[in-house]
Amino acid sequence: MSQYINTCILLPNHHFTTSSNHSVAFFNHFGRYVLLLRSLFVRPEKTSIYWKEIARQMVEIGVGSVGIVVIVSCFLGAVVTVQTAYQLTTPLISKSIIGSIAANSIILELAPTVTVLILAGKIGSKIASELGTMRISEQIDALEIMGVHSSAYLVLPKILASTLMIPLLVIISAFLSIYAGMWVGEFTGVVSKEDFMTGAIQYWIPFMASFALIKATTFGFIISSVSSYFGYYTEGGALEVGKSATRAVVVCCVLILLFDYILAQLLL
Amino acid sequence: MIEVKDLNKSFGAKQILKGISATFEAGKCNLIIGASGSGKTVLMKSIVGLIPVNSGHIIYNHDTDFINIDDAGRKELRKQIGMLFQGSALFDSMSVEKNVIFPLNMFTNMTYKEKMHRVNECLERVNLKDVNKLLPNELSGGMKKRVGIARAIVMNPKYLFCDEPNSGLDPQTSIVIDKLIKDITDDYKITTIVNTHDMNSVMEIGDYVLFLYKGEKYWEGHRDDIMNATNQQLNDFIFAGKFFREIKEQNTKRLSDEKNK
């Protein structure tokens, strides 16, 4: 019955015009988001089909995002090294500090947050527009008519794939950024490779890696679940699919920044 | 057989379905007709459970009330339902073959060879050959509808629902699709419900016709009775075109002449 209610409840493109209704709108969205997540916990019609779908999503979300992660990470590492060197002009401070600051910034913030913000745009809009198009072209209704639990079949693999693959992408991003920073430091002459790595290793705290992975996992879940919510409940036509995708990306970005602060406050 | 009893549905303050009752017989092509906005699609989607109703009963096969059924029962019943959607609703990312095989993959333990045999059987049944590997965007509108029908019948459903199967098709292709729906209904003895406002379909395949007007049932009967129906709204709808109006006039004149003789 819950799935039936879930399929038929008010859709998120309903507009709440007065300011007093904003809080109602928020709780309405939040309630339906929780209902959507709850509806995912059902026995799969056929486990092997779900595993295949998870694997397919892992390739699409993970492998499909490697290119953009490589580009973003290289530039992030390069920029943070050059800018750190620009600010540390005094000869009293060791050059290795540049490596330390760059590596710590990359691992704590740039790789898990900035990279994921870029991924929110790519993966979030993809998920929301894919599900939105399926909704308005009645493909989700077709699944329901067949007897397939549409939310579990379409949303669960995306959430699992995203929650698993985004931490891996963040690890790749962190390594690439540090290496890019090291090489740019060497080429521009602001810091040698040896000094950079000495600084990076000297001030290394293992918990930073755990913290980065906790953040990446949380953000991976936020991106996939929030985007799925906006896509799954799209109502209308092509215009609304675009609106859902935009809303999904904006809400994901805001939530990522909010949880970035919350996690930093709680764990550091 | 599907019985609908006193079905009511509102969206906000607007009531779309007003106490609809009807019986859709097994082995017959049951047509729901009416102007745009009369509630045809809402009625069909309510019958298959895609839209929740406010009150009423939808009884499948004499004993299963779809309104008060639990999740497991609903899923089981839906395995007996095939539906052709207005826009075909084929999965964009899957080839024709994968679209049709999808329900078999999901719900059966057949071997790949058995599944492919069934897929090819269904595609041949809808007169499609050598399209297995094509994607939906490589098909014409009529071919998409036929793939939709193939996917709908692949699980041997007891109930077939077609939402405006002729929309966007040329008259010739529409006749092919109508004939296909009629043949499948007769061959498999399934309960077929078709939403349409295509008068050719009504006259070709309408074993039972339910006419909706502003969410209310205004007329029901066999297609042969339409010509002599006295319901004003039905006549306005059916004989809106000059062609059908002339047929109606000729028919009325013929009956009058026969009566005078």
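Residues numbered from 1 in each chain as written. Chains lettered and ligands numbered in written order. Predicted model: local features only at pLDDT ≥ 70, side-chain atom pairs only at ≥ 80, totals over all residues.

## Description of the overall build of chain A
Of the regular secondary structure elements, chain A holds 10 helices and 0 strands. Counting from the amino terminus, helix and strand elements in chain A follow one another as α-α-α-α-α-α-α-α-α-α. Seen through its C-alpha atoms, chain A measures out along the principal axes to roughly 70 × 50 × 35 Å. Counting all 268 residues of chain A, 43% fall into the buried class. (Helix = DSSP H or I, 4+ residues; strand = E, 2+ residues; numbered from the N terminus. Buried ≥ 20, exposed ≤ 12 C-beta atoms within 10 Å, placed from the backbone.)

## Regarding the overall build of chain B
Along its length, chain B carries 10 helices and 10 strands. Over its C-alpha atoms chain B spans a radius of gyration of 19 Å, differing by no more than 12% from the 18 Å that the globule rule assigns to 261 residues. Considering only C-alpha atoms, chain B reaches an extent of 65 × 40 × 30 Å along its principal axes. Split into buried and exposed, the 261 residues of chain B put 39% on the buried side. Partitioning the contacts of chain B with sequence separation of at least 6, the portion at a separation of at least 24 is 66%. (Rg over C-alpha atoms; globule rule 2.2 N^0.38 Å. Contact = placed C-beta atoms within 7 Å.)

## A word on helix α1 (residues 40-47) of chain B
Residue and element names in this part refer to chain B. In terms of burial, α1 is a largely internal element, 7 of the 8 residues being buried. Within α1, the full set of buried residues consists of Lys 40, Val 42, Leu 43, Met 44, Lys 45, Ser 46 and Ile 47. Backbone geometry just downstream of α1 places Gly 49 in the positive-phi region, at approximately 85 degrees.

## Considering the sheet that holds strand β6 (residues 81-84) of chain B
All names here are of chain B. Overall, mixed pairing links the 6 strands, which are arranged β6-β7-β8-β3-β9-β10 in an open sheet. A single partner strand is all that each edge strand has here, and the edge strands are β6 and β10 (216-221). Each strand of the sheet is rotated relative to its neighbour by a mean of 15 degrees, with strand direction disregarded. Sheet analysis places strand β3 (residues 29-33) next to strand β9 (residues 208-213), joined by 4 bridges and oriented parallel. Bridging from a neighbouring strand, Ile 33 pairs with Phe 211 of β9. Packing against the sheet, α1 makes contact with β3, β7 (159-163), β8 (191-196) and β9, and its axis sits at approximately 155 degrees to β8. Helix α5 (residues 141-153) rests against β6 and β7 of the sheet, and its axis sits at about 175 degrees to β6. (Pairing = 2+ DSSP bridges. Axes fitted to C-alpha atoms, helices over the stretch in contact; angles between N-to-C directions.)

## Comments concerning the nonpolar core
With 125 residues, the main nonpolar core has A:Ile106, B:Met83, B:Val100, B:Ala150 and B:Phe161 as its most contacted residues. The element that contributes the greatest number of residues to this core is helix α5 (residues 96-136) of chain A, accounting for 16 residues. Not counting the four nearest positions on each side in its chain, B:Met83 is found in contact with A:Ala142, A:Ile145, B:Val48, B:Ala152 and B:Phe161. (Core = buried A, V, L, I, M, F, W, Y, C linked by C-beta atoms within 7 Å.)

## As for unusual backbone geometry
Phi at B:Asp6 is positive, roughly 50 degrees, even though this residue is not glycine. Located in the positive-phi region is B:Asn61, a residue other than glycine, with phi close to 50 degrees.

## Let's talk about the packing of helix α7 (residues 150-188) of chain A against helix α9 (residues 207-232) of chain A
Residues and elements named next belong to chain A. In contact at an axis separation of 8 Å, α7 and α9 are set at 145 degrees when each is read in the N-to-C sense. Pair α7 / α9 crosses with right-handed handedness. Contacts between α7 and α9 involve Ser 151, Val 155, Lys 158, Ile 159, Ser 162, Thr 163, Ile 166, Pro 167, Val 170 and Ala 174 from the former and Ala 212, Leu 213, Ala 216, Thr 217, Phe 219, Gly 220, Phe 221, Ile 223, Ser 224, Ser 225, Ser 228 and Tyr 232 from the latter. Split by residue class, the contact of α7 with α9 holds 13 nonpolar, 8 polar and 1 charged. (Left-handed = near helix turned anticlockwise from the far one by under 90°. Nonpolar A, V, L, I, M, F, W, Y, C, P; charged D, E, K, R; others polar.)

## Section: the packing of helix α3 (residues 96-107) of chain B against α5(B)
Residues and elements named next belong to chain B. For the pair α3 and α5, the least separation of the axes is 7 Å and the interaxial angle reads 25 degrees. Between α3 and α5, the crossing angle belongs to the class labelled roughly parallel. The chirality of how α3 crosses α5 is right-handed. Of α5, the residues touching α3 (which contributes Val 96, Asn 99 and Val 100) are Val 147, Ala 150 and Arg 151. Among the residues forming the contact of α3 with α5, the class breakdown is 4 nonpolar, 1 polar and 1 charged. (Parallel < 35°, antiparallel > 145°, perpendicular 65-115°, else oblique.)

## Some words on the confidence of the model for chain A
Residue and element names in this part refer to chain A. On average, residues of chain A score 90 in pLDDT, and 93% of them reach the 70 mark or higher. Between the elements of chain A, mean pLDDT differs from a low of 44, seen in helix α1 (residues 2-8), to a high of 96, seen in α9. Every residue in residues 1-12 is under pLDDT 50, and counting partners more than four places away or in other chains gives 25 contacts. (pLDDT = per-residue confidence, 0-100.)

## Here we look at the sheet that holds strand β4 (residues 55-60) of chain B
Residues and elements named next belong to chain B. Taken in spatial order, the 4 strands of this open sheet run β2-β1-β4-β5, and their pairing is antiparallel. Every other strand in the sheet has two partners, leaving β2 (14-24) and β5 (64-65) as the edge strands with one partner each. In this structure, β4 lies alongside β5, joined through 2 bridges in antiparallel fashion. Of the residues in β5, the one forming a bridge with Tyr 60 is Thr 64.

## Quick look at the interface of chain B and chain A
Many structure descriptions define interface size as the accessible area lost when the parts assemble. In this assembly, 21 residues from chain B lie in contact with 17 residues from chain A. Looking at the side of chain B that touches chain A, the elements that each hand over two or more residues are α2 (71-78), β6 and α3 of chain B. Classifying every residue of the side of chain B that touches chain A by side-chain character gives 12 nonpolar, 3 polar and 6 charged.

## Some remarks on the environment of B:Asp224
As for its placement among the helices and strands, B:Asp224 is situated in helix α8 (residues 223-226). Sequence separation of B:Asp224 and B:Asp207 is 17 residues, and the distance between their C-alpha atoms is 8.8 Å.

## Some thoughts on the confidence of the model for chain B
Mean pLDDT for chain B: 88, with 99% of residues reaching 70 or above. Per-element mean pLDDT across chain B ranges from 74 in helix α10 (residues 242-260) of chain B up to 94 in α3(B).

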